[in-house]
Amino acid sequence: MNDNIFESKSISKAYFTLAVPVVLGMVITIIYNITDTYFISLTKDLNLIAGVSLCAPVFTLLMGFGNIFGQGGSSLISRLLGQNDQENLKRVSSFCFYVAILFGIVSAIVMLLFRVPILKLLGADADTMESALSYFTFFALGAPFVTLSFIHTNLLRAEGLSKDSMIATVGGSVVNIIMDPIMIFTLGLGAAGAAIATILGYIFTNCYALYIVKKKSHALSVDIRKWKASKDHVRQIFSIGISAALSNITQSFCMILINQNLLIYGNDKIAAMGIVQNVSMIVMLIIVGFSFGGAPLIGYTYGSGNKKRLKEIIQFIIRFLCTTAFALSMIMILAAPFAIRLFLDDQTLISTAVLMLRAQLLGMVFMAIVLFSTIYFQATGKAAPALVLALSRQGFVFVIVLFIAVALAGYYGIVFTQFISDLLSAVLALILYRKHH
């Protein structure tokens, strides 16, 4: 770890040194998401596109399990670094690594045993079940690799090794992009091929991140003899990690609700929404990257007790995030027709997807406020407000808005639910920040 990264007099330099590699990693993830969606859309099979899209909540759920220990562990590690507690750094990182593997194995077993009931819950019908089942089965087999990928990519950033974390993420995405057309078309595996390509990417990410931990990291460990963390540290990991995980889990739940509500309007609407969610990631993941990139700096500064510098960091980051979110969302709103035409050629469906995409993008500034507030509470170990926000934007606020919006406006209520939820959640985030800051 290089203390100068965290203690530099220039806040902007410290922030961008940590955040830019995270964002670059997110950009590659965006390219992967778009490429993956593009190759699947080349099949021209709307049932296949819809079937794969229906499995998206499963990935988000596995991300949630990984983030219990990835984000929960990185929050604690940032503060331990500020306190220079070397022994507990190794114990916490080792604990997160091995327990994440266990969670991944258990998830894989449950997913494989209950494949059909889970897919029916996700919204699969007679037309989409075959494609959804092919994708889901192979994705479930790789669940331990997916869950584990969120551990060291988060923990390495907490130590200041953002560049190496980025390479791990980028490398996995490149492997995925290369393998997609080979698996889907050359080998003729269709939906199953898309899942296999994804898992191969995560295997690369895990192998490279593990190599960096062994060869370059001074704080992290995978020594199985040190896997037992203290009860207090386990409590801190779970208190923050569960709030991060619940954000992913509630996101999965909300995606299921959206698909279930869209099902009555046809599988073409589900396919359009699946494409829209991937395209909207262009803006969302950049904002996520800049938010997460600041978390180690916030956690370290909070742990070191430098309140003046912490206040300056918070002001700088929130201004930057809101400005960036506004600029990117406006660009994408204007470019929406072009972006959608990359994946669809039916003019009616294009118009449907463009409206969906613009509705998603309207709330990006509000999302930035919610996301930063959540990251701030997680990085400083304030579990209660972090939990409330984790359960708001795509949780209780979203569900309430969805049911009211559907009752009042039907299909258009579904389309604009996320925007309204983002707005109300941002108001809640500002209230909580004023109360707990």
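For the structure, see preceding data.
Since the model is a prediction, treat every value here as computed from it, not as a measurement. (Residues numbered from 1 in each chain as written. Predicted model: local features only at pLDDT ≥ 70, side-chain atom pairs only at ≥ 80, totals over all residues. Heavy atoms only, no water.)

### Section: the packing of aromatic side chains
Definition in use: Each Phe, Tyr or Trp ring, with Trp reduced to its six-membered ring, pairs with another whose centre is within 6.5 Å; inter-plane angles below 30 degrees give stacked pairs, above 60 give edge-to-face pairs, and intermediate values give tilted ones. A run of H or I in DSSP becomes a helix once it reaches four residues, and a run of E becomes a strand once it reaches two; helices and strands are each numbered from the N terminus. Note on exposure labels: buried denotes an accessible area under 20% of the residue type's maximum, exposed denotes more than 50%, and partly exposed covers the range between, all computed with a 1.4 Å probe on protein chains only. We call a charge positioned over a ring when the NZ of a Lys or the CZ of an Arg lies within 6 Å of the ring centre and within 35 degrees of the ring normal.
On inspection of all chains with the given rule, the structure shows 20 aromatic pairs. When the ring of Tyr15 is compared with that of Phe316, the centres are 5.7 Å apart and the planes differ by 80°; the resulting orientation is edge-to-face. Placement of the pair is Tyr15 in helix 2 (residues 11-41) and Phe316 in helix 13 (residues 307-341), with a sequence separation of 301 residues. Tyr15 gets classed as buried once you look at its relative accessible area, which sits at 0%. Pairing Tyr135 with Phe139 gives two aromatic rings, centres 5.8 Å apart and planes at 15°, and the pair type is stacked. Here Tyr135 and its partner Phe139 are both found in helix 7 (residues 129-141), four residues apart, which amounts to about one turn of the helix. No difference in accessibility class separates Tyr135 from Phe139, as the two residues are buried. Its guanidinium or amino end placed over the ring of Tyr411, Lys269 lies 5.8 Å from that ring's centre, counting from NZ or CZ.

### So, a nonpolar patch on the surface
The cut-off we apply is this: Without a salt bridge and with relative accessible area above 30%, a residue can belong to a patch; like charges are then joined within 9 Å and nonpolar side chains (Val, Leu, Ile, Met, Phe, Trp, Tyr) within 5 Å. Reported accessibility uses the Shrake-Rupley method at a 1.4 Å probe radius. Residues are deemed covered only where the shown protein chains occlude them. Counted as salt bridges are all cases of a side-chain nitrogen of Lys or Arg within 4 Å of a carboxyl oxygen of Asp or Glu.
Together, Leu102, Ile105, Val106, Ile109, Val110, Leu113 and Phe114 make up an exposed nonpolar region whose accessible area comes to about 660 Å². Inspection of the secondary structure puts Ile105 in helix 5 (residues 86-113). You can call Ile105 partly exposed: its relative accessible area is 41%.

### A word on the environment of Ser53
So the rule is basically this: Whether two residues are in contact is decided by their heavy atoms, any of which lying within 4.5 Å being enough.
Relative to the helices and strands, Ser53 resides in helix 3 (residues 46-54). In this view, Ser53 contacts Ile270 and Gly274; residues no more than four positions away in its chain are not counted.

### A word on the pattern of salt bridges
Enumeration over the complete set of coordinates arrives at six salt bridges. One salt bridge connects Asp232 with Arg235, and the closest N-O pair in it is separated by 2.9 Å. Residue Asp232 and its partner Arg235 are both found in helix 11 (residues 231-263); the two are separated by three residues, about one turn of the helix. Under the relative-accessibility criterion, Asp232 is labelled partly exposed at 39%. Residue Asp422 pairs with Arg393 through a salt bridge whose shortest N-O separation is 2.5 Å. Linking Asp422 in helix 18 (residues 411-436) with Arg393 in helix 17 (residues 392-409), this pair joins segments that are 29 residues apart in sequence. Here Asp422 matches Arg393 in class, with each residue buried.

### Comments concerning the environment of Asp85
As for its position among the elements, Asp85 is in the loop between helix 4 (56-83) and helix 5. We classify Asp85 as partly exposed; its relative accessible area is 24%. In sequence terms Asp85 and Ala219 are 134 residues apart; their C-alpha atoms lie 9.3 Å from each other.

### Some thoughts on helix 15 (residues 364-379)
Definition in use: One less than the residue count of a helix, multiplied by 1.5 Å, gives the span that helix is expected to have.
If you check helix 15, its first and last C-alpha atoms are 22 Å apart, about what 16 residues at 1.5 Å a residue would give, namely 22 Å. When you tally the buried positions in helix 15, you get 14 out of 16 residues, the bulk of the element. Residue Gly381 follows helix 15 closely and has a positive phi angle near 75°.

### Re empty space enclosed by the protein
A water-sized probe rolled over the atoms picks out the places where empty space is left. For the record, the criterion: Cavity means a closed set of points on a 1 Å grid over the protein atoms alone, one where a 1.4 Å probe fits but cannot get out, pocket means an open set with protein on both sides within 12 Å along at least 5 of 7 lines, and lining means a residue has an atom within 4 Å of a point. Grid points are joined across faces, edges and corners, and a volume is the space filled by probe spheres set on the points.
The final tally for this structure, using the stated rule, is three cavities of 30 Å³ or more. The volume enclosed by the second largest cavity comes to roughly 140 Å³. For the lining of the second largest cavity, the elements supplying multiple residues, two or more each, are helix 4, helix 8 (143-158), helix 12 (267-304) and helix 15. With four residues, helix 4 is the largest single contributor of residues to the lining of the second largest cavity.

### Considerations on the packing of helix 8 against helix 10 (residues 190-215)
Formally: Only the stretch in contact is used when fitting a helix axis, every axis being a line fitted to C-alpha atoms; angles between N-to-C directions are given from 0 to 180 degrees. A clockwise turn of the near helix away from the far one marks a right-handed crossing, whereas an anticlockwise turn of less than a right angle marks a left-handed crossing. Side-chain classes are defined by residue name, with Ala, Val, Leu, Ile, Met, Phe, Trp, Tyr, Cys and Pro counting as nonpolar, Asp, Glu, Lys and Arg as charged, and the others, Gly among them, as polar.
One can describe the packing of helix 8 onto helix 10 by two numbers: an axis separation of 9 Å at closest approach and a directional angle of 35°. Crossing hand, helix 8 versus helix 10: left-handed. Where helix 8 abuts helix 10, its residues Phe145, Val146, Leu148, Ser149, His152, Thr153 and Leu156 lie against Ile199, Tyr202, Ile203, Thr205, Asn206, Ala209, Leu210, Ile212 and Val213. Its residues assigned to classes, the contact of helix 8 with helix 10 shows 11 nonpolar, five polar and no charged.

So far we have only geometry, and geometry alone does not tell us how the molecule works.
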